[in-house]
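# Geometric and topological summary
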Amino acid sequence: MPSAFLDHLTRRVLVLDGAMGTQVHEHDLDVETDYLGCENCTDVLVKSRPDLVQLIHENYLEAGADAIETNSFGGARHVLGEFDLHDETYDLAKRAARIARAAADKHSTPDKPRFVLGSMGPGTKLITLAQIDWPTLVASYRESMRGLIEGGADAILIETCQDLLQVKGAINAALGALDDTGKTPDDIPIMVSVTIEQTGSMLMGTSIEAALVALKGYPIACLGLNCATGPTEMAEHVHHLARHWDRHISVLPNAGLPVMVEGRAEFPLRPKPFAEAMLRFIDNDRVSAVGGCCGTTPEHIRQLAQAVNARAPQSRDVTPPKPAATSLYAPTDFRQDASFLIIGERCNASGSRKFKRLLEEEDWDAIVSLAREQMRDGSHVLDVNVDYAGRDNAIDMTEVVSRIARQVDAPLMLDSTQTATLEAGLMHAPGKCIINSANFEDGEDKFDQLCRLAKTYNAALVIGTIDEDREAAMARTADRKLAIATRAIERATTQHAIPIADIFIDPLVLPISTGMDADRRSALELIEGTRRIAQAFPDVQLTCGLSNVSFGLKPAARVILNSVFLHELTQAGMTSAIVHASKILPLNKIEDAHKLAALNLIYDRRDKSAGGTGLPTPAQRPEPAMA
Ligand code: THG
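Note that the structure is predicted; figures quoted are calculated from it, not measured.

A count of helical and extended segments in the protein gives 21 helices and 20 strands. For 627 residues, the compact-globule estimate of 2.2 N^0.38 gives 25 Å, and the C-alpha radius of gyration of the protein, at 28 Å, lies within 12% of that figure. Seen through its C-alpha atoms, the protein measures out along the principal axes to roughly 95 × 50 × 45 Å. In the protein, which comprises 627 residues, the proportion classed as buried is 57%. Considering the protein, the positive charge centre built from 63 side chains and the negative charge centre built from 85 side chains are found 5 Å apart.

Below, the structure written as C-alpha cells:
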C-alpha cells in the first residue's frame, strides 16, 4: 500500500513551501535567547522558538502549500557538532518534525491533506573532497532521519545536494533509518533534490545526466532540482529529467538569480512571474511537485498554489537512460556503437610493473597521470586493482580511487578479490562504478555479499564464471560458462534485484600459449561461450581480461593475438574488455600472415609445418606505438 503522501503525489501536483531561512531572517532574533548562543544555527530554533517555526510553517500552509519542510536542513550530527550540539541530533530532528506535523495537522482537511517533508541538507563537509568519511556521514544522517520519522514526517527530502557521494550516503542513511523504525520507502518515501549551479553542473562538477544514472538504482520516489538558480536556468535540466527519469520530479528554484542591493543579496523574481514559470514546468515537463527555495515567500507560494489549482499531474513518455557507469562528472554507456567498452587495464598492481612501482613509491600524482594517459589512449572506463601482498590494500584503494575520481573523468571498475578493498573504493567513488568481480568459487555467501555491495553503492557487477567445483575450477567449456552465467544472472536479478543491464558476465580468458594441451581450446571455448551467453541474455553485458590470452608470448605477438582475438570475441557478442588500449590494432593494420597465425592459435588449428606461434618476434616487427 503506498502512503497517503505517495498517493497524493500521483493524483495532484503537490505545492511545497518556500524558503525557511529568509523568513527566519525577517525576525530580529537574539543570539543568546533565540539561537542559544549558536549564531546562525537555524536548526536550534525548534527548541528555543517552536512558536516562530510553527508560525512560518502556518504562513505557508495558509498560502496554500500542500507540504511543508521541517526546519532541520542543518540537522545532521556532523553539522550540529560544529555548534557542540551533537548530542541533541535526534531530539532536534524529532522536535522539527513534531512542530511541522502540528502545523500540517491543524490545516489538513479531508479535501486538502497537508504533508510534512523531513528536510536534510548537504551539510558543511564534502565527502568527495574527503572532508568526512562514508561511515560517519551515513551514521550522522541516519540518526537525524530516525528523529524526523519518529516525529511524524511523511517523507524524507534529501535536498540541495552538491556531491553525488553524499547523496548515495544519505540515501543509505534513510534506508537505515526506515529499517530502524520498522518502515519502508513505501511508507515514508525518499525524495532527492540536487542543486545545479549556474555553471550547469553540481558543485562537484556532476552533470544532471550523470546524477540520473548514478541515482536511478535507488528506491527514490522523486528526483528534482532546488536552489542555486531561478526557474529559467533550471529549465534545460528539468527537461532532461522529464525525458529520462521514470518517477516523480520536483522543482524548487530560488526567486531568480540574486542581485546585490546595498551590499545585500536580493532575489528579484516576483511571485507572479515565478508562478508562471513553475506552471510551464508542470505543463511542459509534467513535474509533480513545485515549491520555492531561497528568496521565495508565502506570497510566491500563494500565487503558485492558485495557479496550480489542485491539477492532476500528466503522464510523460520516458526513455530510460542507457545502461551506463559514471565518473564524478559524466556517464559512459555500457554499449558502444560499432565498438566495445574499452576498460583500461594498466592501473593494476599485478598487471603493470609501472603501476606496481608507483604504488610502492606512493607516487599518487604519477598514478593519476597513468590514469589520464589511458583515457587519452581511448579507454572509456579504468580498471583499478591494488591487490598486492605486504601493503594495506584498502588504504591504497582509498588513495587511488579518491584521487582518480576527482582528477580524471573516468568511470571506475574496482578490481579486487577482497570485499573490504572493493568497499574501500566504493566509499570513495562518487560516480556509478563497476565491481570486479563476484563468482561462486567461495560459495553463495560471498557472491551475495558482493551483490549487496552493488545495491548499497548502486554499482554494476562483473561476475566470473567460476563455481564451487574445485576439480573443474574455472569453467573451461562453453557449456559450463553458460551454465554458471545462467545461475549467476538468476540469483543476482531475482534475489538481489540487480538490473540485468548492470551485470557483466566474464566468461574468463585463459592463456592459450602455455604449451599445455589442456589450454589449447581455451580461446575457442571462450568465443563459443560468449556467443551462447549473449544469445541467451541479450541485455547482459559481457567482459573479459583480454591480455590474459597471450601471457608468455613476446610483446609484438601479444599485440597481434590480442587484437585478432578481441575481434573474434566482439563478433560473438563480447561488449567490453579490459585491455591496454593503445596496443589494440584494427584488423586492417595486421598483415594477413600474422592474422592467420593468430586465428590458427585461437581456433586450435594445428600447423605441423610451422614452429613456435607463427607470430612475429619483436625483431621482425617493431612494436606499434599507437593503434
Ligand atoms: N577478468 C576480470 N578482471 C581481470 C581479469 C580478468 N582483471 C585483471 C586481469 N584479468 C586483466 N588485466 C590485465 C592487466 C595486465 C595484463 C593482463 C591482464 C598484462 N600485463 C603485462 C604482463 O603481465 O605481461 C604487464 C605489462 C607491464 O608491466 O606493463 O598482460 O580476466 N574480470
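Sheet strands pair by backbone hydrogen bonding; their relative direction is either parallel or antiparallel. Sheet architecture is open: 8 strands sit in the order S19-S18-S17-S16-S15-S14-S13-S20, paired in parallel fashion. Single-partner strands in this sheet number two, and they are strand S19 (541-542) and strand S20 (576-579). For strand S13 (residues 341-348) and strand S14 (residues 381-385), the ladder comprises 4 bridges, and the chain directions are parallel. Residue pairing across strands places Ile343 opposite Val381, the latter belonging to S14.

Taken together, 15 residues are adjacent to the ligand, and Asp415, Asn436, Asp506, Asn548 and Arg558 come closest. For the ligand, a nitrogen atom lies 2.5 Å from a polar atom in the side chain of Asp506. Its residues assigned to classes, the shell around the ligand shows 3 nonpolar, 7 polar and 5 charged.

Mapped onto the fold, Ser193 is located in strand S5 (residues 190-194). Among all residues touching Ser193, those that are not within four sequence positions of it are Leu157, Ile158, Glu159, Thr160, Cys161, Gly224, Leu225 and Asn226.

It is worth spelling out the environment of Asp592 at this point. In this fold, Asp592 is placed in helix H21 (residues 592-602). Note on Asp592: relative accessible area 59%, which makes it exposed. A C-alpha to C-alpha distance of 14 Å links Asp592 and His567, two positions 25 residues apart in sequence.

Moving on, we get to the environment of Val401. Along the chain, Val401 falls in helix H15 (residues 393-407). Judged by relative accessible area, Val401 falls into the buried class, the value being 0%. It is 29 Å that separates the C-alpha atoms of Val401 and Pro555, two residues lying 154 residues apart in sequence. Those residues in contact with Val401 that lie beyond four places of it in its chain are Leu412, Leu414, Gly425, His428 and Ala429.

Taken as a whole and assessed by the stated rule, the structure comprises 4 aromatic pairs. An angle of 40 degrees between the planes, with centres 4.7 Å apart, marks the rings of Trp134 and Tyr457 as tilted. In this pair, Trp134 sits in helix H7 (residues 134-150) while Tyr457 sits in the loop between helix H17 (444-456) and strand S17 (460-464), placing the two residues 323 residues apart along the sequence. We note that Trp134, like Tyr457, is buried.

Pairing within the open sheet is parallel, and its 8 strands lie in the order S1-S10-S7-S6-S5-S4-S3-S2. Because the sheet does not close on itself, it has two edges, and the strands there are strand S1 (14-15) and strand S2 (67-69). Pairing of strand S3 (residues 115-120) with strand S4 (residues 155-161), which is carried by 4 bridges, proceeds in the parallel orientation. In the strand pairing of S4, Met120 is matched with Ile158.

Along the polypeptide, Glu143 turns up in helix H7. What makes Glu143 buried here is its relative accessible area of 16%. Reaching out from Glu143, the side chain makes a polar contact with the side chain of Arg77 at a distance of 2.8 Å. Among all residues touching Glu143, those that are not within four sequence positions of it are Arg77, Thr89 and Tyr90.

At a minimum axis separation of 11 Å, helix H10 (residues 231-244) and helix H11 (residues 271-285) run at an interaxial angle of 15 degrees. Taken as axis vectors, H10 and H11 run roughly parallel relative to one another. Taken as a pair, H10 and H11 cross one another with a handedness that is right-handed. Every residue of H11 that contacts H10 at Pro231, Met234, Ala235, Val238, His239 and Ala242 is listed here: Phe274, Ala277, Met278, Phe281 and Asp285. Looking at side-chain class alone, the contact of H10 with H11 contains 9 nonpolar, 1 polar and 1 charged residues.

As a further point, take unusual backbone geometry. Residue Ser437 is bonded to the preceding Asn436 through a cis peptide linkage, with omega at 5 degrees. Secondary-structure assignment places Ser437 in strand S16 (residues 434-438). One non-glycine residue with positive phi stands out, namely Cys227, at about 65 degrees. Position of Cys227 relative to the elements: it lies in the loop between strand S6 (222-226) and H10. With a phi angle near 50 degrees, Asn309 is a residue other than glycine that sits in the positive phi range.

Moving on: helix H16 (residues 419-426). Counted residue by residue, H16 has 6 buried out of 8 residues, so it is predominantly covered. Turning to H16, its buried residues are Thr419, Thr421, Leu422, Ala424, Gly425 and Leu426. Looking at the buried side of H16, the elements it contacts are helix H8 (164-180), H15, strand S15 (412-415), S16 and H17.

Rolling a probe over the atoms, with the probe sized like a water molecule, indicates the empty space that remains. Counted according to the given criterion, the structure contains 3 cavities of 30 Å³ or more. Of the voids in this model, the largest cavity is the one considered here, and its volume is about 50 Å³. Lining the largest cavity, in full, are Thr326, Ser327, Leu328, Ala405, Ala410, Pro411, Leu412, Ala429, Pro430, Gly431 and Cys433. Considered class by class, the residues forming the lining of the largest cavity number 8 nonpolar, 3 polar and no charged.

A few words now on the environment of Gly81. Within the element layout of this structure, Gly81 appears in the loop between helix H5 (77-80) and helix H6 (89-107). In this structure Gly81 comes out as partly exposed when scored by relative accessible area, which is 22%. As a C-alpha pair, Gly81 and Arg114 span 33 residues in sequence and 32 Å in three-dimensional space.

We now examine the pattern of salt bridges. Counted by the stated rule, this structure contains 39 salt bridges. One salt bridge in this structure joins Glu528 and Arg531, with 3.3 Å as the shortest N-O distance. In this pair, Glu528 and Arg531 both sit in helix H19 (residues 522-536), 3 residues apart, roughly one turn of the helix. Residue classification places Glu528 among the partly exposed residues on the basis of a relative accessible area of 27%. With a relative accessible area of 33%, Arg531 lands in the partly exposed category. Residues participating in the shared-partner salt-bridge network are Glu444, Asp448, Glu468, Arg487 and Arg491.

Conventions and cut-offs
Residues numbered from 1 in each chain as written. Predicted model: local features only at pLDDT ≥ 70, side-chain atom pairs only at ≥ 80, totals over all residues. Heavy atoms only, no water. Helix = DSSP H or I, 4+ residues; strand = E, 2+ residues; numbered from the N terminus. Rg over C-alpha atoms; globule rule 2.2 N^0.38 Å. Buried < 20%, exposed > 50% of the residue type's maximum accessible area, 1.4 Å probe, protein only. Lys, Arg positive; Asp, Glu negative; His and termini not counted. Charge placed at Lys NZ, Arg CZ, Asp CG, Glu CD. Pairing = 2+ DSSP bridges. Near = heavy atom within 4 Å. Polar contact = N/O pair within 3.5 Å; in protein donor to acceptor, adjacent residues only side chain to side chain. Nonpolar A, V, L, I, M, F, W, Y, C, P; charged D, E, K, R; others polar. Contact = heavy atoms within 4.5 Å. Phe/Tyr/Trp six-rings, centres within 6.5 Å; stacked < 30°, edge-to-face > 60°. Axes fitted to C-alpha atoms, helices over the stretch in contact; angles between N-to-C directions. Parallel < 35°, antiparallel > 145°, perpendicular 65-115°, else oblique. Left-handed = near helix turned anticlockwise from the far one by under 90°. 1 Å grid on protein atoms, 1.4 Å probe; cavity = no way out; pocket = protein on both sides within 12 Å on 5 of 7 lines; lining within 4 Å. Points joined across faces, edges and corners; volume = space filled by probe spheres on them. Salt bridge = Lys/Arg side-chain N within 4 Å of Asp/Glu carboxyl O.

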